[in-house]
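# Architecture at a glance
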Amino acid sequence: MKFQPTPVSLGLAGLLLTMQGAALAQQAAAPAEAASAPKTQALEAVVVRGIRASNERSLLMKRDASANVDVITALDVGKMPDKNLADSLQRVVGVAVRKDYDEAEKVAMRGANPDMSLILFNGHTVSGGDWYLADQSSSSRSTSLSLMPSSVLNAATVYKTSQANIVDGGLAGTINVTTRKPLDEPQRLGGLISAGTVYADLPGKSSPQLNASLNWKNEANTLGLITQLFAEKRYVRRDSVSRLGYGANSGWDVINTATMLGVTDASLAGSGYKAADLNGVRLPGSLASEFVEGVRDRKGGMLALQWRPTDTLDLGATGFYSKMNAANFGRATMGAINSMLRGLGGTTGETNVFTNSNGQRVYAQIKNPVIVEETTLYGDKLKVLKSADIVFPDGTTPQYVGNSEGFYRSGAAASSGFLDFDAKWQASKDLVLKGLFSTTRGVGTTEMDRGLTYARYGTGISYALNGVHEAPDLKYIGAGTGATPALNPDGSGYKLVSRSLANKYKTVDREKSLALEGEYTQDSGIFSSLDFGLRYADHHRDFRRTIKAMHAAFNPLTDTPDPSLAVSYPGDFGAALGGGNWERTGFYFPRDFLVGYFDKAIKETTPEFERYVASEIELREQQSAVFMMQNLEGDKGWWSGNIGWRLVRTQVDAMAPNPVPAGKCQRIEPGKPVVPCAAYPGAIVTAGDAVPYFDNTPWNPAAGTLYYKTRTSRRFDNLLPSLNLRVELAKDLVGRFGASETLGRQNYNLYGAAYGTPSCSTGVCLVSGPNPNLEPMTSRNVDVSVSWFFAKRALLGVSLFDSMIDGYAKTGTVRQDATIDLTDPNTGVTRTYFITTTGQQKARIRGIEASYEQPIGAGFGFQSNVSVADTKVADGRPMPGVSKYSANLGGYFENDSFSVRLVYNYRGKYVSSTTAPSPTTNSQGNTVINGVTMPAAPTMAAPVSNLDLSINYDINSQLQLAFSATNLTNPARAQYRYSELEQQKLDASGRQYYLEARYKF
């Protein structure tokens, strides 16, 4: 790639060089005694105890920083009801989190989605795994903090404005989490043991919590260590109602009388509507209830060593590892409204299997319709079928009306670990050199995902939507009980129709990095010090999905379990979701039964044959950077700042799977000699790619699609200038200005996705695939803030920010500059296909943040903040993961032995979708409804608020009792589509209560 600096980059870089020349000239002329002037010291560690002292420490760090930063410290976390780092960070103004079940996990900053925020530990990136299979396969850049307990935190600095010495990659902002240093501890020997229990009220289970830490250092304060262990287990449960289901557009659809032939003037007689009136009306394609159980079993530890062999040399090593076992078991009961109206009898999504009643195809009718008007988030007017009876004509035998399934995902786990070595050397009285080497590895696995699907047969469904925050009314008609997996003599009830493949998922993310930096103290006029350095990182991302072979094809006559082994949903299922008239019953087979059922069906072959190459992601990314930053300070420190640049190179090498044209190569049977394919020597002929391999069945070497991989290699260069100014506008009044260009790299799957889903229409052939030419995103940012520190531990502040983004991903784009020759799966003819992939576009984020915190007196105080972020994407669609409004309000009381803190958090609506969409996803496509072309409906998360509590009581100086509660309001989290009239999902996960005893020594 040709490097083309922006005018802002050239201007700031030139200014920096000019200033540096002036600095050298001034320094050369400076008298010798100036060199002996005392140097500006870094902020020393402050021993703090209690909420108020911790707040004071955070505000001091914020006040003194040149950039616009927010800081949370260890005792902030210790006194807050936070269980991981994401929980803690959501208290910061402008920071929002994505919650999975009842725990925060992904962090977003200033209106951007989580992929645009960079999380650092001790100045380096940390690889992390994801526990859920959809996140494992998505390959996003967002860091899951569910593995990081709050207890590992020393301080977290949230950089709202960038500066040259910060690691590149945080387009919207960077969060640097630091862990404790042994030689900074106040005691030579000390520690903490915390033991307790957590009770999760929805699953109704308790589980242990244990944290322990020990710090030691020698008398000379030259050698020390800190060790920490944690073991935290918690049971989780989620009750949901949703639009989940099989069939075309199963979430939401529109009525189309051309395909839904049961919708006629005659069938609507007496309703006041004609069939034409219903065309284009939005309706739920499915209605479902979901019951999910799981566990969060997090264990790990940290070890930090520090050695100061001389007064000028400081060496350290920190190791961290955390693994969370998160096996999860999901069950769902789904109604198939879309399929019923279209006369489709395909029970697992087939569109070529039809209903049949006495030899005739039948279509469901719409009775008693109630239609309301909505205004979409794009401003268009649509109609919604709020309630109706979806029924087959009288006399119709029971037909397909929905599914019931249970999928157990054993061995679901995520792990994250790092090892870093740091060194700091005072090379001379004016020069400090620092080095940091780190290696990190994160793994996300699901050892096996398996499940059974039952079809349900009846004569209709009746429903009524009750609003986005309440479960809809739902009743199955003529379908028998929902809690018995058996078929009745009249054909109603349930029948086993499929078993899933035995899938395994594994993502490995790893990186090694080296950073060398220097700080040269100048003490020459306004030039206080010069920072410079370089960094290199070698990053790898690999995703693999493997599929076990089966002994035989599925046979419902022999493979249907005994119905008496099924278990019913719990009696309190859905109690927190509201709505009175909906079917809450359901059944499933216990997890141990599913394990044994599939173990008997699975056939062992070879690891190579189990590969599912079509889904693999294999990518290497090399990042290198050099930077220089001039630190500035005015006379008597009334103003300060920095100006600098960072030159970044990103080298992306991706291996993308390509389909081999049919008939060109033959697949090798497991265990047989490997014969390479002459036509495509790189074809992976040993991989099964989910083709059947049954016992006593002749091997078919031509079955399925074979793949070979092609390497793409691209290089991207970016110059990132930055400027930060801090000014004492008046006593205790601090103003800041920041201007910078930041960089955010594209998600891994956009470079390494497989080619797939080829189609030809009107002479044009399209196939999905990667785009190796995607440049990193860049953002030009301006930030202005004013902070008034009007009293001790008090702040009133406001920030304005504006970010102009180039290169924001736009999926579903057809590349006109790249084609690939593939075999048409319908005709067998080789054709030239244009590639449907990811393009790039512009976006903008503007906003305002305000903070107000103050001690009231007598031990009372409060903290509050609110942020507003307005986003615009060039194609007019909302940006995923972005909340326009978010707020926090916390009150506290503290005396010498007792403290209590109550924290309220609010997050506004946002697009709730995976942070790493497929290059061909329709989330950025268009939909035509009643002749009006509009963007496809995203899945929106409705606003949600929550309340958390923590109480601490010191029995004596060593023993403390602590109680905390999270999700006190037990919020039901709602999702919708074009408007809140189109409820998409509603779920609740319950409250959690923690009781702990902490012993300090």
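Of regular secondary structure, the protein possesses eleven helices and 49 strands. Here the C-alpha atoms of the protein give a radius of gyration of 30 Å, agreeing with the 30 Å that 2.2 N^0.38 yields for 1001 residues. Dimensions of the protein along its principal axes, counting C-alpha atoms only, are 105 × 70 × 55 Å. Looking at the 1001 residues of the protein, the share that counts as buried comes to 57%. Considering only contacts within the protein whose residues lie at least 6 apart along the sequence, 75% involve residues at least 24 apart.

Soluble, globular proteins show a tendency: their nonpolar side chains are buried together. Counting residues in hydrophobic clusters, the biggest one holds 63 residues, and the most contacted among them are Ile255, Ile337, Leu341, Ile366, Leu385, Ile390 and Tyr463. Sequence-distant contacts of Ile390, defined by excluding residues within four places in its chain, comprise Ile337, Met340, Leu341, Ala364, Gln365, Ile366, Thr459, Gly460, Ile461 and Tyr463. Core analysis: the next-biggest nonpolar cluster, separate from the first, contains 25 residues, Ile72, Val126, Met148 and Leu153 among them.

The grouping of Arg441, Lys506, Arg510 and Lys512 at the surface amounts to a positive patch. For the positive patch, the element with the highest residue contribution is strand E24 (residues 502-524), accounting for three residues. Mapping Lys506 onto the fold places it in strand E24.

Applying the stated rule across the entire model yields 31 aromatic pairs. Centre to centre, the rings of Phe121 and Phe418 are 5.9 Å apart; their planes meet at 45°, and the pair counts as tilted. With a gap of 297 residues between them, Phe121 in strand E4 (residues 117-121) and Phe418 in strand E19 (residues 413-426) connect regions that are remote in the sequence. On the basis of relative accessibility, which here comes to 2%, the residue Phe121 falls in the buried class. In this structure Phe418 comes out as buried when scored by relative accessible area, which is 4%. Counting every residue linked through ring pairs, the aromatic cluster contains Phe291, Phe329, Tyr408, Tyr569, Phe573, Trp582 and Tyr588. Sitting over the ring of Tyr748, Arg141 keeps its end group 4.2 Å from the ring centre.

Before going further, it helps to examine unusual backbone geometry. The phi angle at Lys636 is positive, at roughly 65°, despite the residue not being glycine. Along the chain, Lys636 falls in the loop between strand E29 (617-633) and strand E30 (639-659). The exposure class assigned to Lys636 is exposed, which follows from its relative accessible area of 81%. Of note, the phi angle at Ala690 is positive, near 70°, even though the residue is not glycine. Mapped onto the fold, Ala690 is located in the loop between E30 and strand E31 (707-730).

So, about the sheet that holds strand E7 (residues 173-178). Within a beta sheet, neighbouring strands are joined by backbone hydrogen bonds and run either parallel or antiparallel to one another. One open sheet accounts for five strands, arranged E1-E6-E7-E4-E5; its pairing is mixed. Each end of this open sheet is capped by a strand with a single partner; those strands are strand E1 (69-73) and strand E5 (124-125). Of the pairings in the sheet, the one linking E4 to E7 comprises five bridges and is parallel in character. Within the sheet, the bridge partner assigned to Phe121 lies in E7 and is Val177.

What follows covers the state of the cysteines. For the coordinates displayed, the defined rule picks out two disulfides. The side chain of Cys665 participates in a disulfide bridge whose partner is Cys677; the two sulfur atoms lie 1.9 Å from each other. Across the S-S bond linking Cys665 and Cys677, the dihedral sits near -75°, which makes this disulfide left-handed. A residue pair is termed long-range when its members are at least 10 positions apart, and Cys665 in the loop between E30 and E31 and Cys677 in the loop between E30 and E31 qualify at twelve residues. For the pair formed by Cys665 and Cys677, the shared burial category is buried. Shown here is the disulfide that connects Cys760 with Cys765, its sulfur atoms set 2.0 Å apart. The S-S bond linking Cys760 to Cys765 shows a torsion near 110°; that makes this disulfide right-handed. Taking only the cysteines that form disulfides and numbering them from first to last, the protein has the pattern 1-2, 3-4.

Now for helix H10 (residues 591-601). Those residues of H10 that fall on the buried side of the exposure criterion are Leu594, Tyr597, Phe598 and Ala601. All buried residues of H10 project into a common sector of 90° when viewed along the axis, lining one side. Residues of H10 that are exposed and point more than 90 degrees away from the buried face comprise Asp592 and Lys600.

What follows covers the confidence of the model for the protein. Per-residue confidence for the protein gives a mean pLDDT of 88; residues scoring 70 or more make up 92%. Scored below 50 in pLDDT, residues 1-48 shows 61 contacts in the model against residues more than four places distant or in partner chains.

Examined against the element boundaries, Thr823 turns out to sit in strand E36 (residues 795-823). Residue classification places Thr823 among the buried positions, given a relative accessible area of 14%. Separated by 74 residues in sequence, Thr823 and Ser897 have C-alpha atoms that sit 75 Å apart.

As a further point, take helix H3 (residues 50-64). Over its 15 residues, H3 extends 22 Å from the first C-alpha to the last, a length consistent with the 21 Å expected when each residue adds 1.5 Å. Among the residues of H3, those classed as buried are Gly50, Ile51, Ser54, Asn55, Arg57, Ser58, Leu59 and Lys62.

Our focus in this paragraph is a nonpolar patch on the surface. Taken together, the side chains of Leu189, Ile193, Leu210, Leu214, Trp216, Leu223, Trp307, Tyr999 and Phe1001 present a nonpolar region at the surface, about 800 Å² in accessible area. Breaking the nonpolar patch down by element, the ones donating at least two residues are strand E8 (189-200) and strand E9 (205-217). For the nonpolar patch, the element with the highest residue contribution is E9, accounting for three residues. Summarising the element assignment, Tyr999 is placed in strand E49 (residues 992-1000).

A few words on the side chain of Glu982. Checked against the element boundaries, Glu982 lands in the loop between strand E47 (973-976) and strand E48 (983-988). Under the relative-accessibility criterion, Glu982 is labelled buried at 0%. Excluding residues within four positions of it along the chain, Glu982 makes contact with Trp252, Arg282, Glu374, Val384, Gln975, Tyr976 and Arg977.

With that out of the way, let us pick up the pairing of E30. Each regular strand displays side chains that alternate between the two surfaces of the sheet. A large share of E30 lies buried, amounting to 19 of its 21 residues. Bridging between E29 and E30 involves 16 bridges; their strand directions are antiparallel. From the neighbouring strand, Leu619 faces E30, where its bridge partner is Ala654. Here 21 bridges tie E30 to E31, and the two strands are oriented antiparallel to one another. Its bridge partner lying in E31, Trp645 is registered against Pro721.

Here we take up the environment of Gly682. Looking at where Gly682 falls in the secondary structure, it is placed in the loop between E30 and E31. In sequence terms Gly682 and Thr710 are 28 residues apart; their C-alpha atoms lie 8.7 Å from each other. Look past the residues within four positions of Gly682 in its chain and what remains in contact with it is Tyr707, Tyr708 and Lys709.

We now examine the pattern of salt bridges. One pass over the full model with this rule turns up 50 salt bridges. Across the pair Lys429 and Asp430 runs a salt bridge whose closest N-O atoms are separated by 3.1 Å. Where Glu604 meets Lys548, a salt bridge forms, and the shortest distance between an N and an O atom there is 3.2 Å. On the criterion of sequence distance, the pair formed by Glu604 in the loop between strand E28 (602-603) and E29 and Lys548 in strand E25 (residues 527-550) is long-range, its members being 56 residues apart. Each of Lys62, Asp70, Arg110, Lys160, Asp783 and Glu849 takes part in a single network of salt bridges with overlapping partners.

With respect to the helices, strands and loops of the structure, Asp184 is situated in the loop between E7 and E8. What makes Asp184 partly exposed here is its relative accessible area of 45%. Distance from Asp184 to Asn221, taken between C-alpha atoms, is 9.0 Å for residues 37 residues apart in sequence.

Quick notes on the rules
Numbering of residues begins from 1 in every chain and follows the order in which that chain's sequence is written. Per-residue local features of the predicted model are confined to residues with pLDDT of at least 70, and side-chain atom pairs are confined, for both listing and counting, to 80 or more; whole-chain, interface and lining totals are unaffected and use all residues. No hydrogens and no water enter the side-chain calculation; it runs on all heavy atoms of the structure. Numbering of helices and strands runs from the N terminus; a helix is a DSSP stretch of H or I covering at least four residues, while a strand is a stretch of E covering at least two. Note that the radius of gyration is over C-alpha atoms, with the globule rule given as 2.2 Å times the number of residues to the power 0.38. Per-residue accessibility, obtained with a 1.4 Å probe over protein chains only, is compared with the maximum for each type, and a residue is labelled buried under 20%, exposed over 50%, and partly exposed between these values. Should any heavy atoms of two residues lie within 4.5 Å, those residues are considered in contact. We define a nonpolar core as any set of buried Ala, Val, Leu, Ile, Met, Phe, Trp, Tyr and Cys residues linked to one another through side-chain atoms lying within 4.5 Å. A patch consists of residues whose relative accessible area exceeds 30% and which take part in no salt bridge; residues with like charges are grouped when within 9 Å of each other, and nonpolar side chains (Val, Leu, Ile, Met, Phe, Trp, Tyr) when within 5 Å. Note on areas: these come from Shrake-Rupley sampling with a 1.4 Å probe, and a residue is covered only by the protein chains present in the view. Think of a salt bridge as a Lys or Arg side-chain nitrogen and an Asp or Glu carboxyl oxygen that are within 4 Å of each other. Positive charges come from Lys and Arg alone, negative charges from Asp and Glu alone, with His and the N- and C-terminal ends not counted. A charged residue contributes its charge at one atom only: NZ of Lys, CZ of Arg, CG of Asp or CD of Glu. In this analysis, rings of Phe, Tyr and Trp, with Trp reduced to its six-membered ring, are considered paired at centre separations within 6.5 Å, and the interplanar angle assigns stacked below 30 degrees, edge-to-face beyond 60, and tilted for intermediate values. We count a charge as sitting over a ring when the NZ of a lysine or the CZ of an arginine lies within 6 Å of the ring centre and within 35 degrees of the ring normal. Only when DSSP finds a minimum of two bridges between them are two strands counted as paired. Only a pair of cysteine sulfur atoms within 2.5 Å qualifies as a disulfide here. This arc corresponds to the set of directions leading from the helix axis out to the C-beta atoms. Confidence of the prediction at every residue is given by pLDDT, a number between 0 and 100. Any helix carries an expected span of 1.5 Å times its number of residues minus one.

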